[in-house]
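Chain by chain, the residues:
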Amino acid sequence: MAVQDLEKIFQQKIEQEIKIEPKDWMPEAYRKANIRQISQHAHSEIVGMLPEGNWISRAPTLKRKQILLAKVQDEAGHGLYLYSATETLGVTREETINDLHSGKAKYSSIFNYPTLTWADIGAIGWLVDGAAIVNQVMLTRTSYGPYARAMVRICKEESFHQRQGFEILLTLSKGSKEQKEMCQDAINRWWWPSLMMFGPNDKDSPHSEQSMKWKIKRKSNDELRQSFVDMIAEQVKVLGMRLPDDHLKWNEERKHYDFGEIDWKEFWNVVKGNGPCNKQRLDARRKAWKEGKWVREAAAAYAEKRKARQKAA
Ligand code: FAQ
């Protein structure tokens, strides 16, 4: 079949909301766009384990420790589904991971900020998982089948994560003067970086137009950011805390909250590798990859042995 006909069939499927599956014909640029987004999403989940991992040994109670361990393990699982979804597009996991370690591939800017107090674990659950859900609920309807299906399960787990984060902050917000201050301080530090998770403004987002046409993205960066602000501006009232933005105000005409300008200089600085923890995060991932080499080799050898045994039987 001529390429023009294949392209027509592909576009028709997109328009009719039929998922694109790994063995279907797809334009090379669509394949590459998905590899870029899904692999960077996978890296974000894996690097995202580090800031919270920092508090597993210091969680204030055994129960909190168990919950945090389970949450961090969930993030590892999300990374693995997403690496598998990336592999269905014809790249190996090693190639994908090498791109992270060489600095070629990005991961979410949010994970380059430090976790200074226990309240940061609450703020990550509430704000970071909260922002992730707003983005990922949209992605359950993305056009590439394996990515959409991975998102359904991930969203269920993320919604638990958000509630556990909120509950940590709610407990602190009802505590001593110091605990209340710690809660507000964490919100102050995580609020703006969590707004940056949605990416640049639409007018400065080079990938958005094509990704929307292909229904990889179903809502724009600014639309999703606005939904997040509207949701959090209400939830913060329950905590009795405030968001660090003097411009945050309900706009009756727009039926949305207005909010202040993001510091885009800070955003691009972090994305380009110069945030407070970029070096630390990448060093930790490179070290884990190096030290885990024997585990990967042992697992591969065991799989080979099992295959040979099954064949002989
Ligand atoms: N950080 O043209 P656009 C989580 C890059 S998961 C770093 O707008 P696009 C779970 C972008 O890649 C969080 N880089 O790009 C969890 C592109 O560079 P490139 C991760 C960013 O793709 C919670 C360039 O800027 N979620 O949190 C960022 O249309 C708690 C131009 O940008 C996902 O990855 C950023 N914030 O829209 C884990 C969701 N924003 O690739 C542990 C899937 C933009 O050309 C603990 N991804 N860039 O080199 C998406 O929805 C999209 O890729 C966007 C960006 C919205 C992130």
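So, here's what we can say about the structure. Since the model is a prediction, treat every value here as computed from it, not as a measurement.

Here we come to the overall build of the protein. Regarding its fold elements, the protein presents 13 helices and 2 strands. In terms of overall dimensions, the protein is globule-like: its C-alpha atoms have a radius of gyration of 21 Å, near the 20 Å expected for 313 residues. The dimensions of the protein, computed from C-alpha atoms along their principal axes, are 65 × 50 × 35 Å. Relative to its full complement of 313 residues, the protein shows a buried share of 47%. Taking all contacts inside the protein whose residues are at least 6 apart in sequence as the whole, residues at least 24 apart take part in 76%. For the protein, the centre of its 51 positive side-chain charges and the centre of its 42 negative side-chain charges are spaced 6 Å apart.

Now for the pattern of salt bridges. Scanning all chains against the criterion turns up 28 salt bridges. One salt bridge in this structure joins Arg64 and Glu167, with 2.8 Å as the shortest N-O distance. Remark: Glu167 occurs in helix α7 (residues 145-173) and Arg64 occurs in helix α4 (residues 62-87); sequence separation between them is 103 residues. Given a relative accessible area of 16%, Arg64 falls into the buried group. Two residues, Asp120 and Arg189, come together in a salt bridge whose shortest N-O distance is 2.7 Å. Placement of the pair is Asp120 in helix α6 (residues 118-139) and Arg189 in helix α8 (residues 177-196), with a sequence separation of 69 residues. A residue is classified by how much of its surface remains accessible, and Arg189, at 25% relative accessible area, is partly exposed. Ionic contacts of the salt-bridge type, sharing partners, join the residues Glu52, Lys71, Glu75 and Asp129 into one network.

A word on the environment of Glu223. Checked against the element boundaries, Glu223 lands in helix α10 (residues 221-239). Taking the C-alpha atoms as reference points, Glu223 and Asp202, 21 residues apart in sequence, are found 8.8 Å from one another. A polar contact of 3.1 Å, which involves the side chain of Glu223, links it to the backbone nitrogen of Ser220.

Taking 1.5 Å of rise per residue, the 20 residues of α8 would be expected to cover 28 Å, and the 30 Å separating its terminal C-alpha atoms lies within 8% of that figure. By the largest-angle criterion, Trp190 marks the main kink of α8, which is about 35°, and a proline, Pro193, follows within four residues. Of all the positions in α8, only Cys183, Gln184, Ala186, Ile187, Trp190, Trp191, Trp192, Pro193, Ser194, Leu195 and Met196 are classed as buried. Close packing links the buried residues of α8 with α6, α7, α10 and α11 (264-274).

Below, the discussion takes up the site of the ligand. Close to the ligand lie 36 residues, the nearest being Arg36, Lys106, Ser205, His207 and Lys217. In the model, an oxygen atom of the ligand is placed 3.1 Å from a nitrogen or oxygen of the Gln40 side chain. The contact in question runs from an oxygen atom of the ligand to an N or O atom on the side chain of Asn221, over 2.9 Å. Contact with the protein chains hides 92% of the accessible area of the ligand, taken as 1100 Å² for the molecule alone.

Calculation rules
- Residues numbered from 1 in each chain as written.
- Predicted model: local features only at pLDDT ≥ 70, side-chain atom pairs only at ≥ 80, totals over all residues.
- Heavy atoms only, no water.
- Helix = DSSP H or I, 4+ residues; strand = E, 2+ residues; numbered from the N terminus.
- Rg over C-alpha atoms; globule rule 2.2 N^0.38 Å.
- Buried < 20%, exposed > 50% of the residue type's maximum accessible area, 1.4 Å probe, protein only.
- Contact = heavy atoms within 4.5 Å.
- Lys, Arg positive; Asp, Glu negative; His and termini not counted.
- Charge placed at Lys NZ, Arg CZ, Asp CG, Glu CD.
- Salt bridge = Lys/Arg side-chain N within 4 Å of Asp/Glu carboxyl O.
- Polar contact = N/O pair within 3.5 Å; in protein donor to acceptor, adjacent residues only side chain to side chain.
- Expected span 1.5 Å × (residues − 1).
- Bend = angle between axes of the 7 residues up to and from the residue.
- Near = heavy atom within 4 Å.
- Areas by Shrake-Rupley, 256 points an atom, 1.4 Å probe, with all protein chains shown as cover.

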